[in-house]
Amino acid sequence: MKATRKHNLIATTLAAALAVTSAYAQTPAPGESPTPGFNNKIPESILTPDTVPTSIGTLNFVDGVPTADSARRVYDNLDSLRGVEVFLNFIPAASLESMRAGAASLGATQSNQAIIFDQLMDSNPLFLTGNTDTVYCMAMLDLQVDGPTVVEIPPGSGPGTVNDAFFRFVVDMGAPGPDKGKGGKYLILPPGYKGAVPSGYFVAHSRSYVNWLILRGFLVDGKPDQASRMFREGLKVYPLAKAHDRPPMQFINGSRKPFNTIHANTFEFYKEVDHVIQKEPVDFIDPELRGLAASIGIKKGQPFAPDERMTKILTDAVAVGNGTARAISFRSREPRNALYPNSQWQNLFGAADYQFLDSEGTAGRNLDARTLFYYGYTVNTPAMILKIVGKGSQYGVIFADTDGNPFDGGRNYQLHIPPDVPAKDFWSVVLYDTQTRSELQTSQPFPSRNNKRDKLIVNADGSVDLYFGPNAPAGKEANWVATVPNKGWFAILRLYGALEPWFDKTWRPGEIEEVQ
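Everything numeric here is computed off the predicted structure, so don't read it as measured data. (Residues numbered from 1 in each chain as written. Predicted model: local features only at pLDDT ≥ 70, side-chain atom pairs only at ≥ 80, totals over all residues. Heavy atoms only, no water.)

Comments concerning the sheet that holds strand β2 (residues 57-62)
Reasoning step 1: Pairing is antiparallel across the open sheet formed by 3 strands, whose spatial order is β1-β2-β3. Only two strands of the sheet have a single partner each, and these edge strands are β1 (51-54) and β3 (65-66).
Reasoning step 2: Along the sheet face, helix α2 (residues 68-105) touches β2 and β3 and points at about 130 degrees away from the line of β2. (Pairing = 2+ DSSP bridges. Helix = DSSP H or I, 4+ residues; strand = E, 2+ residues; numbered from the N terminus. Contact = heavy atoms within 4.5 Å. Axes fitted to C-alpha atoms, helices over the stretch in contact; angles between N-to-C directions.)

Put into structure tokens, the structure is as follows:
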């Protein structure tokens, strides 16, 4: 009896609630009329009119359902948006893939085949903002082919780094690395490695198979010979499995040779990305990025074969993406990029850390900062942004004169470098081409000035004035860097072994001013 009463009470309560709800749904609020086609007033914010003007044209709907033409229009736009986003998000992967292809073009196809710039990097190679001041030695690792790979670096090596196939930091070497400039053996482990790890190595785990090793050697008495010999005699790269029968190193001189290491800014870009996706393990990037690439047809294990419609859309999308990257690079709208107040000098990483995390990660990943860095620069390491006094390297980049105008290769400019530059190892200024983001190709093989390599004219107070233009100012040839009429350029100031006045900004370079 009690159970029956309980059930009846529940049924009566539900019926009453439904009656109230039904009455409320059919009764508009006081003073309001029902929206046509509905029982009550529907907020306009959730309705879609039959005709909606947009930036991609007028969209037409039938009671909220897009017409066939409007559906086609928005899908074209969606594919275009995704194509642009793939370009902006996958610049790191395409850039490192192009580095691999460039090395292969010189014959470096195995990890024991290193490219070394015995006579420094001149302006012949197309290489994102490479320097003219240190001896580069680089190799491509393939952990899928070789498994765990050993890198032995010699004592005295300058800053070195390993980056993975998405140009992410893996490990530092040399002065900023765990060997602290004393040399040592590094062991780079492949993704998902579960085997035994022997002792006696500095161990690093990579999320990808392909990795880029880049080492720098310092000039001695302004010459590269000693650094070149150090790497040729002391660098060893080999599979751990062949530690007792390691293949001999082969060195390929990259100086004075034209070759390309820069990703495409055309439809070819997507093919570069596809090559990386096919090569690397599925989880070397997160599902969000994998899904973005898949949305335009780049999927692991499947051929990238867009039809005529998609090819046309992606060809346009890469053009828009490239234009966007160039705006972010050369005409930044981020005020936090400035190194100093009221200055054109900027930092390379934008308003983020080496992982491009903004505001200590609370603002997530700063996507524009990531685009800014990878579109113009290489080598991702904390040593380029952290305060490590007397070690590593620090940078300032400048794209415009004091009036905010991009540099014109047909005009003349002057840069004042105050005395006591806070650089333990050296400082330099290198000019780059705005098209290629590589060293500016002029009558000078090295478009730069370096305080250790060049015999600069020094002012009485210890300061130095540098000059940039198509012709050298009379008597200032030693401090002049040539430019080319009708060609844009930008400059990077490097300080290796930066000291405290750089970090606390009590020392700062002058602005680059146009002179007659």
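Focus: the pattern of salt bridges
Reasoning step 1: Inspection of every chain in the model, using the stated rule, returns 21 salt bridges.
Reasoning step 2: Residues Lys387 and Glu500 are paired through a salt bridge, measuring 2.9 Å at the closest nitrogen-oxygen approach. Placement of the pair is Lys387 in the loop between α8 (367-376) and β15 (393-398) and Glu500 in helix α9 (residues 500-503), with a sequence separation of 113 residues.
Reasoning step 3: Overall, the relative accessible area of 31% leaves Glu500 in the partly exposed class.
Reasoning step 4: Residues joined by salt bridges that share partners form a network here, namely Asp69, Arg72, Arg73, Asp76, Asp79 and Arg309. (Salt bridge = Lys/Arg side-chain N within 4 Å of Asp/Glu carboxyl O. Buried < 20%, exposed > 50% of the residue type's maximum accessible area, 1.4 Å probe, protein only.)

Things to note about helix α7 (residues 308-330)
Reasoning step 1: Over its 23 residues, α7 extends 33 Å from the first C-alpha to the last, a length consistent with the 33 Å expected when each residue adds 1.5 Å.
Reasoning step 2: Looking at α7, one finds that the buried residues are Met310, Ile313, Leu314, Ala317, Val318, Gly321, Asn322, Ala325, Arg326, Ile328 and Ser329.
Reasoning step 3: Residues of α7 that are buried sit in contact with α2, α5 (268-279) and α8.
Reasoning step 4: Backbone nitrogen of Arg309 and a side-chain oxygen of the N-cap are separated by 3.3 Å at the start of α7; the cap is Asp307. (Expected span 1.5 Å × (residues − 1). Polar contact = N/O pair within 3.5 Å; in protein donor to acceptor, adjacent residues only side chain to side chain.)

Structural notes on the packing of α7 against α8
Each pair of packed helices gets described by two things: the angle between the helix axes and the distance between those axes.
Reasoning step 1: Interhelical geometry of α7 versus α8 gives an angle of 90 degrees and a closest axis separation of 9 Å. When the axis of α7 is compared with that of α8, the two are roughly perpendicular. On α8, the residues touching Asn322, Ala325, Arg326, Ile328 and Ser329 of α7 are Asp368, Thr371, Leu372 and Tyr375.
Reasoning step 2: For the contact of α7 with α8, the residue count by class is 4 nonpolar, 3 polar and 2 charged. (Parallel < 35°, antiparallel > 145°, perpendicular 65-115°, else oblique. Nonpolar A, V, L, I, M, F, W, Y, C, P; charged D, E, K, R; others polar.)

By themselves these figures say nothing about function.
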